[in-house]
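So you can see what is in the structure, the chains are spelled out below.
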Amino acid sequence: MELQVNISLPYLWNGQSFQKNEWGYLNFLVGQNGTGKTLFAEQLNQQCQTQGLNTRYLSAERLSGLEKGLYNLFGYSQLEKGLDISLFTNYKNNGLVYGLSADAFITLKEKLEVRIRIEATISQLFGRRFRLSEQGGYLKPFLRKTQGEEYALRENECHGLKELITLLTFLYDNQYNCLIIDEPELHLHPQFQSLFLQEIRSIAGDPRKDTSKKCFFLITHSPYFVDIKTIHDLKNCIVFQPDKCPTYIDHLDSDDEYKITRLLPRLNTHHKQFLFASSPIFVEGYLDQQIFALIQEQRGRIMGASGSCFIDVGGKDELALFFRLCKKLNIDARFIADLDALFEGSLKPLVTKDSRCGSYAQNEGLASDLDKYIGQFEQKITELLQIVTLKCKEGSLVDDKLDIFSKKINDQQKDNKKRYIFLVGLKYIGDEIDTLLTQKQDDINFIKSSLQKLITAFKKAGVYLITKGELENCLPSYTGNPYVISDKDKTAAFDSEKNYILSNDLTEEMFHLRYPELINILDEASESNEINMDLYISYAIGDWIHKFQSAFTRGDILDKDSLVKISILELEDYSRIFDIVDFNKNTDGFICKLRLKKIIDLKEREIKFNNKTVAANFQLSEI
């Protein structure tokens, strides 16, 4: 559908403008709060109207006036008596201007065909009877349960039914052929979100060609509402991100289209979180997702504040599909993968062709073609593997660790699996391998150096490789063979580690000691935030110390008992966060001791200060 849209929000999008001339009949506007979706919708509404569409915009505050309570103090419109029949025109005009939905009940009064559809829906889905009543010059909606008493909808019904009745009214009414709905999921549980979306799809079409059809723009925070089934649907999904102009997929080459088409049927509600995150983190399996999320949660890292979330996809090839999709949408996605992603799977060729990866390789002088460099890297490993295999056949491996290592290599049929085991071996029994291949030390050094460079190159493209091979090798609970790990052992290690984390009060230092590699990867990939309470407690106490010092200088503070009488100290407020433990005057001034209360500091730390303490520079972290 041709619709020329040109929208600018300079202070949100760094001066860039959004343009799109081809739209679908159903369009999704998705992304984080504060990225401009609502402001975009308001301009979109105006531009649609100037191009011949009869548009109705419904804001996220559309139920104003239909609340259960009376909120005079906050300026809400009052509809406790119903809709004043003499003001129907005003209600309609206000609905158009402000995106309110109360005038839906006027439509139900005036249009029998719409009211019949609403009555059928409410009756069959909710077991309610719907009725409009005129009382003393007011129109008022009522509901009645089967075999029950009638009650007023505004005062006695939940927001969900109010939402559904008003939304469906605008959907079924033929007055508007374009609906722009801000947060259509409000107050609707997932099944009824799906119901409403199903009804939208049944009506979606080009109203310029078929007057029974409507086009839709849905601004949503709900993965249930982002119903992307085809490439066409995907192209009509507009993604909003912080400090960026909104993005969408305009063109796909045949390879991308084929690969992404394969992905879409498997795009479940969990996966679709990436459309709402500025830096989603994709991992291979659900165990990875759960242990990573648990570690960050227990460390107090607030990932949502930085726009991050962990999404498990089910393997390296699936990682590759999301890599393609995020690249097209300009989403700064991160990926955590096992070390074998260096050798196999669909992710490797995408990473090696990524410009960020290529720039690093060029600056490091690795090769003009990173694939070629990886080929040289693989060849060196293969040459050393041949020596290991030969020594194994000769029976010259007397070390048990080397014997296990070589047997695992020989058990593999694929060269890539053998190369992977060799790299894991370097991590675990590097000294033994150095001794075994003492004549090839230059080659081993080349492999070790190249591995670090390749790991860094992949990281430049947002792909973080686990250098120990797989996640389980980073978990102390797993003590088995590091080269090939069974699904049973994976699950057992995860369960054990999860129980350990949840049953122990681990400090930040303990997390770093237990999971050194994982912590580094997680923090770098997630850019996760934590709320620094110490900083703001320091501000508050620093202010109080200044007041205390001023009162002491004036001679108002004589002893501990006199403190409570000094109004400038505001002890009624500050005693909520600390107790005064001690106060002593001396020849140089004074020393005062405070103890933080548990409500603000679980450790109940003690603070000492004196008349020489620089209040403006007070830092709780230095205690």
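The name given to the protein in an unreviewed UniProt entry is AAA family ATPase, with the source organism recorded as Anabaena subtropica FACHB-260.

Caption draft 1: Quick peek at the overall build of the protein. Along the protein, the regular secondary structure elements total 24 helices and 18 strands. For the protein, the spread of C-alpha atoms along the three principal axes comes to 100 × 85 × 55 Å. For the protein, the proportion of its 623 residues judged to be buried stands at 52%. Within the protein, contacts between residues separated by at least 24 positions form 68% of all contacts whose residues are at least 6 apart in sequence.

Caption draft 2: The UniProt feature "domain: Endonuclease GajA/Old nuclease/RecF-like AAA" (unreviewed entry) in the protein, seen in detail. Per the UniProt record, the feature "domain: Endonuclease GajA/Old nuclease/RecF-like AAA" (unreviewed entry) sits at residues 140–226. Along residues 140–226, the helical share is 37% and the strand share 23%, with 34 Å between the first and last C-alpha atoms.

Caption draft 3: Broad picture of the nonpolar core. The biggest cluster of nonpolar side chains holds 120 residues, and the ones touching the most others in it are F274, L275, F282, L342, F405, F422 and L423. Setting aside anything within four residues of it in sequence, one finds L275 in contact with V30, G31, V226, I228, C237, V239 and L329. Formed by 26 residues, the second largest nonpolar core is a distinct cluster that contains F548, A551, L563 and A615.

Caption draft 4: Looking closely at unusual backbone geometry. Not every positive phi belongs to a glycine, and E183 is a case in point at roughly 55 degrees. Relative to the assigned elements, E183 resides in the loop between β9 (178–182) and α8 (190–203). One non-glycine residue, E570, lies in the positive phi region at around 50 degrees. By secondary structure assignment, the location of E570 is in the loop between α23 (533–553) and α24 (571–574).

Caption draft 5: Examining the packing of aromatic side chains more closely. For the structure on display, the rule yields 34 aromatic pairs. Here F274 and F282 contribute two aromatic rings whose centre-to-centre distance is 6.0 Å and whose plane-to-plane angle is 55 degrees, an arrangement assigned as tilted. For the pair F274 and F282, a shared accessibility class is recorded, and that class is buried. Centroid distance Y536 to Y539: 5.3 Å. Interplanar angle 85 degrees. Geometry classified as edge-to-face. Here the residue Y536 and the residue Y539 both occupy positions in helix α23, the gap between them amounting to 3 residues, near one helical turn. What makes Y536 exposed here is its relative accessible area of 56%. A relative accessible area of 45% places Y539 in the partly exposed class. Ring-pair connections join several aromatic residues into one group, and the members of that group are W544, F548, F552, Y574, F578, F583, F590 and F609. For K20, the ring lying beneath its charged end belongs to W23, and the centroid distance is 4.7 Å. A cation over a ring is seen here: R117 above Y172, with NZ or CZ 3.8 Å from the ring centre.

Caption draft 6: View of the packing of helix α7 (residues 159–172) against α8. Remark: α7 packs on α8, axes separated minimally by 11 Å, with the N-to-C direction vectors making an angle of 5 degrees. With respect to each other, α7 and α8 are oriented roughly parallel. Each of L164, L167, L168, L171 and Y172 in α7 lies in contact with α8, whose residues at this interface are F192, L195, F196, E199, I200 and I203. Per-class residue counts for the contact of α7 with α8 are 10 nonpolar, no polar and 1 charged.

Caption draft 7: Spatial organisation of the packing of helix α11 (residues 286–298) against helix α20 (residues 487–503). Here α11 crosses α20 at 15 degrees, and the two axes come no closer than 11 Å. Considered as vectors, α11 and α20 are oriented roughly parallel to each other. α20 is crossed by α11, and the crossing has left-handed handedness. When α11 is examined against α20, the residues L287, Q290, I291, L294, I295 and Q298 are found in contact with a partner set consisting of K490, T491, F494, E497, K498, I501 and L502.

Caption draft 8: Highlighting α7. Along its 14 residues, α7 runs 20 Å from first to last C-alpha, staying within 8% of the 20 Å computed at 1.5 Å per residue. The buried fraction of α7 is high, at 13 of 14 residues.

Caption draft 9: Quick peek at the side chain of D340. Within the secondary structure layout, D340 lies in the loop between β14 (334–338) and α13 (347–352). A residue is classified by how much of its surface remains accessible, and D340, at 9% relative accessible area, is buried. A distance of 3.1 Å separates polar atoms of two side chains, one belonging to D340 and the other to K316. In contact with D340, other than residues within four places in its own chain, are K316, K417 and Y420.

Caption draft 10: Here's a closer look at the pattern of salt bridges. In the structure shown here, the tally under the stated rule is 41 salt bridges. Among the ionic pairs, E508 bridges to R301, the shortest N-O distance being 3.2 Å. Of this pair, E508 sits in helix α21 (residues 508–514) while R301 is found in the loop between α11 and β13 (310–312), placing the two residues 207 residues apart along the sequence. By relative accessible area, E508 is classed as partly exposed at 29%. With its nearest N and O atoms 3.1 Å apart, the salt bridge here joins K316 to D340. Of this pair, K316 sits in helix α12 (residues 316–328) while D340 sits in the loop between β14 and α13, and the two are 24 residues apart along the sequence. On the accessibility criterion, K316 (14% relative accessible area) is buried.

Caption draft 11: Fine view of the sheet that holds strand β18 (residues 606–610). Sheet architecture is open: 3 strands sit in the order β16-β17-β18, paired in antiparallel fashion. Sheet topology places β16 (578–586) and β18 at the edges, where each strand pairs with a single neighbour. Taking the axes of each pair of neighbouring strands and ignoring which way they run, one obtains an average angle of 15 degrees across the sheet. Each of β16, β17 (589–596) and β18 touches α23; the most contacted strand, β17, lies at about 150 degrees to it.

Caption draft 12: A look at a nonpolar patch on the surface. On the surface, a nonpolar cluster with roughly 310 Å² of combined accessible area is contributed by L96, V97 and Y98. Its location among the elements puts V97 in helix α3 (residues 88–98). In this structure V97 comes out as exposed when scored by relative accessible area, which is 58%.

Caption draft 13: Main features of the sheet that holds strand β11 (residues 237–240). Spatial strand order, β4-β9-β10-β3-β11: 5 strands in an open sheet with parallel pairing. Where the open sheet ends on each side, the last strands, each with one partner, are β4 (55–58) and β11. Sheet twist, expressed as the mean angle between neighbouring strand axes with direction ignored, is 10 degrees. The pairing of strand β3 (residues 26–31) with β11 spans 4 bridges and is classified as parallel.

Caption draft 14: Representation of the side chain of E378 in the model. By the secondary structure assignment, E378 is in helix α15 (residues 370–394). A residue is classified by how much of its surface remains accessible, and E378, at 14% relative accessible area, is buried. Residue contacts for E378: discarding those within four places in its chain leaves L342, F343, K348, N416 and R419.

The rules behind the values
- Residues numbered from 1 in each chain as written.
- Predicted model: local features only at pLDDT ≥ 70, side-chain atom pairs only at ≥ 80, totals over all residues.
- Heavy atoms only, no water.
- Helix = DSSP H or I, 4+ residues; strand = E, 2+ residues; numbered from the N terminus.
- Buried < 20%, exposed > 50% of the residue type's maximum accessible area, 1.4 Å probe, protein only.
- Contact = heavy atoms within 4.5 Å.
- UniProt positions renumbered as here; feature names shortened; annotations may be inferred.
- Core = buried A, V, L, I, M, F, W, Y, C linked by side-chain atoms within 4.5 Å.
- Phe/Tyr/Trp six-rings, centres within 6.5 Å; stacked < 30°, edge-to-face > 60°.
- Lys NZ or Arg CZ within 6 Å of the ring centre and 35° of its normal.
- Axes fitted to C-alpha atoms, helices over the stretch in contact; angles between N-to-C directions.
- Parallel < 35°, antiparallel > 145°, perpendicular 65-115°, else oblique.
- Nonpolar A, V, L, I, M, F, W, Y, C, P; charged D, E, K, R; others polar.
- Left-handed = near helix turned anticlockwise from the far one by under 90°.
- Expected span 1.5 Å × (residues − 1).
- Polar contact = N/O pair within 3.5 Å; in protein donor to acceptor, adjacent residues only side chain to side chain.
- Salt bridge = Lys/Arg side-chain N within 4 Å of Asp/Glu carboxyl O.
- Pairing = 2+ DSSP bridges.
- Patch = residues over 30% accessible without salt bridge, like charges linked within 9 Å, V, L, I, M, F, W, Y side chains within 5 Å.
- Areas by Shrake-Rupley, 256 points an atom, 1.4 Å probe, with all protein chains shown as cover.

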